Amino acid sequence: MEHFSRHLKKHVDGLVSIMENIPSKGVSVLTGSNGSGKSLIRTQFIFYLARRKNKEAKDMRGELGSVSMQLRTSSNPEWGALSGAMRDTEWIPTSLNTFDLIKGLLEKDFPFVIIDEPEIGMGEELIMSLCDYLNQELAKYPKRGFLIITHNRYLVENLKYENFFNCDGLKTKEEWLNRPLKKANLKILEENKLFDYIRNKNKKK
């Protein structure tokens, strides 16, 4: 158990290192296996961004915008009265909802934008078009920062970005693309040891 705890601490330290090294400008891509900490990085990155700007996280409204699964499936204060309309519905395809949210987010003036799993609900052909759209649009904002979190091989291989990060310790996109694939252990995924470790650590503070 102590060895397992040390392993989790090392993994969390790696996630912290990723957050510290995501640049405030340019396009970055983040990959990782399910449960490896990508969502943790998405939710906690605002604190690291605030530190760079010598601000408190509570004063960062307007500094960071995000398109996430949470935004697509639940109410979000950033969208005010529109928050309910932004949810997935039976009559609006997830793909269209995602695209509209990304487009709307880019039209705002957020200095930093996180796009979480844009491929959700999209077929391969649509992902290819989305990739072209992102390459075209993100290039228009060289002074802004973008973090794209994805599991999709096509996006990792074809997006134009300067920085690659991986929650499993892989250093380059080539390592990630060429990694040997093996079946995931669903029992380990259900146990979510990373979440339990962080929750228990916060309780001790």
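Residues numbered from 1 in each chain as written. Predicted model: local features only at pLDDT ≥ 70, side-chain atom pairs only at ≥ 80, totals over all residues. Heavy atoms only, no water.

1. What to know about helix α5 (residues 124-138)
For α5, spanning 15 residues, the distance from its first C-alpha to its last is 21 Å, which sits close to the expected 21 Å at 1.5 Å a residue. Burial in α5 covers these residues: Ile-127, Leu-130, Cys-131, Tyr-133, Leu-134, Asn-135, Glu-137 and Leu-138. Where α5 is buried, its residues contact β1 (26-31), α4 (94-107), β3 (112-116), β4 (145-149) and α6 (153-158). (Helix = DSSP H or I, 4+ residues; strand = E, 2+ residues; numbered from the N terminus. Expected span 1.5 Å × (residues − 1). Buried < 20%, exposed > 50% of the residue type's maximum accessible area, 1.4 Å probe, protein only. Contact = heavy atoms within 4.5 Å.)

2. Some remarks on the confidence of the model for the protein
Predicted confidence across the protein gives a mean pLDDT of 83, with 79% of residues reaching 70 or more. Counted against residues more than four places away or in other chains, residues 75-86, with its pLDDT under 50, gives 17 contacts. (pLDDT = per-residue confidence, 0-100.)

3. A few points about the sheet that holds strand β2 (residues 64-67)
Ordered by their spatial adjacency, five strands build an open sheet running β2-β3-β4-β1-β5, and the pairing between neighbours is parallel. Of all strands in the sheet, those bounded by a partner on one side alone are β2 and β5 (163-166). Each neighbouring strand pair of the sheet contributes to a mean axis angle of 15 degrees, computed without reference to strand direction. Note that β3 and β4 share five bridges and pair parallel. Among the inter-strand pairings, Phe-112 is bridged to a residue of β4, identified as Gly-145. Against the sheet, helix α2 (residues 38-52) contacts β1, β2, β3 and β4, and its axis sits at roughly 175 degrees relative to β3. Against the sheet, α4 contacts β2, β3 and β4, and its axis sits at roughly 170 degrees relative to β2. (Pairing = 2+ DSSP bridges. Axes fitted to C-alpha atoms, helices over the stretch in contact; angles between N-to-C directions.)

4. As for the environment of Ile-114
By secondary structure assignment, the location of Ile-114 is in strand β3. Given the relative accessible area of 0%, Ile-114 is considered buried. C-alpha separation for the pair Ile-114 and Gly-65, spaced 49 residues apart in sequence, amounts to 6.3 Å.

5. Here we look at the nonpolar core
Val-29, Ile-102, Leu-134, Ile-148, Val-156, Leu-159 and Tyr-161 are the most contacted members of the largest nonpolar core, which totals 26 residues. Looking at this core, the elements with two or more residues in it are β1, α4, β3, α5, β4, α6 and α7 (173-177). Counting residues per element, this core draws most heavily on α5, which supplies six residues. If we ignore the near neighbours within four places in the chain, the residues touching Leu-134 are Ile-102, Ile-115, Ala-139, Ile-148 and Leu-159. Of all hydrophobic cores here, the second largest spans 21 residues; its members include Ile-22, Leu-49, Ala-50 and Met-60. (Core = buried A, V, L, I, M, F, W, Y, C linked by side-chain atoms within 4.5 Å.)

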